[in-house]
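Understanding the architecture of this molecule
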Amino acid sequence: MRCPYCRHADSRVVDSREADDGQLIRRRRSCTECGKRFTTVEEAVLAVVKRSGVTEPFSRTKIMSGVRKACQGRPVDEDSIALLAQKVEETVRAKGAAEIPSHEVGLAILGPLRDLDQVAYLRFASVYKSFDSLDEFEKEIADLRTAATGRDVTVPHAVSTTRAGRPPKVIQ
């Protein structure tokens, strides 16, 4: 590390500390030439590679925004969304790669969101997985039911009924 005072190319680390929940490392350094001390901050930058090939920095705020939209009108508080975003970031960083495909970020969101709120999960999954038909929704609902009960539950094709259980009147 080059000394900011005398521009000498060598310095010695005197002290290292983590900051920002381990996302940053602050190092106190001493120049071997002039003896002056200075601080450096090192940050591991995580980049997300979009489908288009564009790379952008990972954003926990962006995760929270997408999950917040899926949870709109649901009994999910802001703290739960923030905790989910933190779990997603930890999962993604644990892979150890400097760049991660956006698809893997989406997959990292689906698991915790399923545990948080199943309706929000279906909303998010329908956009993320690009559902094209009711059959895809039905299959995802059957998968949720299987996961909840531990046994295979098949969903018959939906028959529209009113809340009283009778078929709706057809008005021509």
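Residues numbered from 1 in each chain as written. Predicted model: local features only at pLDDT ≥ 70, side-chain atom pairs only at ≥ 80, totals over all residues. Heavy atoms only, no water.

What about a positive patch on the surface?
Among the surface-exposed residues, Arg 12, Arg 26, Arg 28 and Arg 37 lie close enough to one another that they form a single positively charged patch. Counting through the fold element by element, Arg 28 comes out in strand E2 (residues 24–31). Taking the relative accessible area as the measure of exposure, Arg 28 reaches 33% and is therefore partly exposed. (Patch = residues over 30% accessible without salt bridge, like charges linked within 9 Å, V, L, I, M, F, W, Y side chains within 5 Å. Areas by Shrake-Rupley, 256 points an atom, 1.4 Å probe, with all protein chains shown as cover. Salt bridge = Lys/Arg side-chain N within 4 Å of Asp/Glu carboxyl O. Lys, Arg positive; Asp, Glu negative; His and termini not counted. Charge placed at Lys NZ, Arg CZ, Asp CG, Glu CD. Helix = DSSP H or I, 4+ residues; strand = E, 2+ residues; numbered from the N terminus. Buried < 20%, exposed > 50% of the residue type's maximum accessible area, 1.4 Å probe, protein only.)

Let's talk about helix H4 (residues 118–128)
All of the buried residues in H4 are Ala 120, Tyr 121, Leu 122, Phe 124, Ala 125, Ser 126 and Tyr 128. You can read the cap of H4 off the contacts: a side-chain oxygen lies 3.1 Å from the backbone nitrogen of Val 119, and it is on Asp 117. (Polar contact = N/O pair within 3.5 Å; in protein donor to acceptor, adjacent residues only side chain to side chain.)

Comments concerning the packing of H4 against helix H5 (residues 134–149)
In contact at an axis separation of 11 Å, H4 and H5 are set at 140° when each is read in the N-to-C sense. Classified by the angle between their axes, H4 and H5 sit oblique to one another. Regarding H4 and H5, the two cross each other, and that crossing is right-handed. From H4, Gln 118, Tyr 121, Leu 122 and Ser 126 reach across to H5, where they touch Phe 137, Glu 140, Ile 141 and Leu 144. Of the residues assigned to the contact of H4 with H5, the class counts are 5 nonpolar, 2 polar and 1 charged. (Axes fitted to C-alpha atoms, helices over the stretch in contact; angles between N-to-C directions. Parallel < 35°, antiparallel > 145°, perpendicular 65-115°, else oblique. Left-handed = near helix turned anticlockwise from the far one by under 90°. Contact = heavy atoms within 4.5 Å. Nonpolar A, V, L, I, M, F, W, Y, C, P; charged D, E, K, R; others polar.)

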